[in-house]
Amino acid sequence: MASPPSPPLPSASPPAPPYVLALADDLSGAAETACALGGSVRLSLTAADPAEVAATHDLVVDLDTRHLPPAEAAYAVRAALPAAQAGPPRLLYKKVDSQLRGHLAAEAAAYAEGAEAVVIAPALPAARRTVTGGVVHVNGVPLHRTDGWRAERAAAPRSLPEALSGLPVHTVPLDVVRSAPAALDAELRRIAASGAHPAPDAETDADLDAVASAALRLGPGFRLLGSGGLAVALGRALGRPAAATPPPSPAPHRTPLLFVVGTAEPGAVAQIAHLTALGAHHVPLDPADLTAGTVRLPRTAAAPALTVLSIDGSAGLRPGAGRTLSAALGALAAAHPGHPDLVLTGGETARTTLDSLGIGKLEPLGQIHHGAVHSLAPDGRHVVTRPGSYGAEDSLLRIAVALRPHLAASTAAT
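As the structure is a prediction and not an experimental result, all values here were calculated from the model.

Parameters and conventions
For every chain, the first residue of the written sequence is number 1, and numbering continues from 1 onward in sequence order. A pLDDT threshold of at least 70 governs which residues receive local features in this predicted model, and a stricter bar of 80 or more applies before side-chain atom pairs are shown or counted, although totals over entire chains, interfaces and linings include all residues. No hydrogens and no water enter the side-chain calculation; it runs on all heavy atoms of the structure. Each salt bridge in this description consists of a side-chain nitrogen of Lys or Arg and a carboxyl oxygen of Asp or Glu lying within 4 Å of one another. Segments assigned H or I by DSSP are reported as helices when at least four residues long, segments assigned E as strands when at least two residues long, and all are numbered from the N terminus. Burial classes: relative accessible area under 20% of the type maximum marks a residue as buried, over 50% as exposed, and values in between as partly exposed (1.4 Å probe, protein chains only). Between any two strands, at least two bridges found by DSSP are needed for them to pair. Interaxial angle, 0 to 180 degrees, is taken between N-to-C directions of lines fitted to C-alpha atoms, where a helix line uses only the stretch in contact. Just so you know how the angles are binned, under 35 degrees is roughly parallel, over 145 roughly antiparallel, 65 to 115 roughly perpendicular, and the rest oblique. Two residues form a contact once any of their heavy atoms are found within 4.5 Å. Following the grouping adopted for this structure description, the nonpolar residues are Ala, Val, Leu, Ile, Met, Phe, Trp, Tyr, Cys and Pro, the charged ones are Asp, Glu, Lys and Arg, and the polar ones are all others, Gly among them. The directions considered for the arc are those from the helix axis to the C-beta atoms. Scored from 0 to 100, pLDDT records how confident the predictor is in each individual residue.

This structure, assessed with the given rule, holds 17 salt bridges. Here Arg217 makes a salt bridge to Asp185, at a shortest N to O gap of 2.8 Å. Highlighted residues: Arg217 in helix 8 (residues 205–218) and Asp185 in helix 7 (residues 181–193), separated in sequence by 32 residues. The class for Asp185 is buried, based on a relative accessible area of 7%. The shortest N-O distance in the salt bridge between Arg236 and Asp209 comes to 2.8 Å. Taken together, the residues Arg236 in helix 9 (residues 228–237) and Asp209 in helix 8 connect sequence positions 27 residues apart.

Judged from the four bridges that link them, strand 2 (residues 41–44) and strand 3 (residues 58–62) form a sheet pairing that is parallel. Bridged to Ser44 within strand 3 is Val61. In this sheet, strand 16 (residues 361–369) lies alongside strand 2 in antiparallel orientation, the contact comprising two bridges. Considered in strand 16, the bridge of Leu43 is made with Leu362.

A separate point is the packing of helix 10 (residues 267–276) against helix 14 (residues 395–403). With their axes 7 Å apart at the nearest point, helix 10 and helix 14 run at an angle of 40° to one another. One finds that helix 10 runs oblique with respect to helix 14. For the pair formed by helix 10 and helix 14, the contact residues are Gln271, Ile272, His274 and Leu275 on the first element and Ser395, Leu396, Leu397 and Ala400 on the second. Grouping the amino acids of the contact of helix 10 with helix 14 by side-chain chemistry returns five nonpolar, three polar and no charged.

With that out of the way, let us pick up the sheet that holds strand 7 (residues 135–138). The three strands lie next to each other as 6-7-8, forming an open sheet whose pairing is antiparallel. Sheet topology places strand 6 (129–132) and strand 8 (141–142) at the edges, where each strand pairs with a single neighbour. Sheet analysis places strand 6 next to strand 7, joined by four bridges and oriented antiparallel. Paired with Arg129 across the strands is Val138, a residue of strand 7.

Turning our eyes to something else, we now look at helix 3 (residues 70–80). By the burial criterion, the buried members of helix 3 are Ala73, Ala74, Ala76, Val77 and Ala80. Viewed end-on, helix 3 has its buried residues packed into an arc of 155°, placing them on one side of the element. Pointing more than 90 degrees away from the buried face of helix 3 are the exposed residues Ala71 and Tyr75. Along its buried surface, helix 3 packs onto strand 1 (19–24), strand 4 (90–95) and helix 4 (104–112).

As a further point, take the confidence of the model for the protein. One rule of thumb: low pLDDT means the predicted coordinates there are not for detailed reading. Scored by pLDDT, the protein has a mean of 87; 86% of the residues are at 70 or more. Note on residues 9–13: pLDDT under 50 across the span, and zero contacts to partners over four residues away in sequence or across chains.

Before going further, it helps to spend a moment on unusual backbone geometry. Look at Asn139: it is not a glycine, yet its phi comes out positive at around 55°. Note on placement: Asn139 falls in the loop between strand 7 and strand 8. Its identity is not glycine, yet His339 carries a phi of approximately 50°, on the positive side. One can find His339 in the loop between helix 12 (322–334) and strand 15 (341–345).

Here you go:
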């Protein structure tokens, strides 16, 4: 009698995609990246420790290097890279500013050490920041012709190769990015074999999807460097669930809500006006007084339900003074009474405020709108971080309503 057929062997499950270790140079960018990647992710304000790296989730680390000298910023990146080998295999991602601010050249050079190539794609289509011909455009205008670097000590670079001076960079035109995957892969390999690093043009999320997928196909020797737009594309390529809209804050109405607006962007004035129309207590702070450390907020019997601290930029700001102003603003915010929930705009302001409060980790819950990341701090307070240059005129109002849903009725009446 013939033996019954053997049951088929179970097919092997495909290997799980590797987890990501992302390095950011400021806190708002780190939070943006954490949400962009999707899935299970943690955000650390301290150097990656082995326990975090060994855990089964993506990890984003804010290296807080914007205020450091270039050599120290490069060292911080270099020191963080060995953490990728401390646990399970990790994909490496370097978050950079979509307007190329910060110590881009120094940090990219450190990040490139030991890599076959770094794929450079800082486009952020959601904020209308694109790259064509190796030139970053903001709302269709070349970056060096905008005022995006008004608070910087130097002029904006005219191209990615100029911004990454010292690192050999070859641009990849849009027609190649949008060609068949094999053709894009071949071009990235060709550039890497020549000893250079590819910088693909990108105008749409689909362009960034093509770049992220190509880097994954080429293997871990190809590291990614880009803005939050490329991080979103990487999350999609890895099959991570998209970041959800966070639930409303369960904080009772009596918990104060403190907005700390540490940006020199002109649009911040209109954003704050929406809050004052709701009755928010607005305290504009003179930059000279902040720098001198002479600001003292008036004592009140109880903290107002909504308070806005901002830097009065009506007389202009001194280039390079950002860290000093942010540190003073953060210290004032940390001393605010009532254990408030926090809305922090500008990466340096967010970082100095949380440092003053001794908060070293955040658990991202989701995005209220693009770039406005809602997180939970270990001390139970809700924290929203947002880059200073992001958001429409109603950005802060939308954040306020998300954290305090009872304000929706007041906004409808105004």
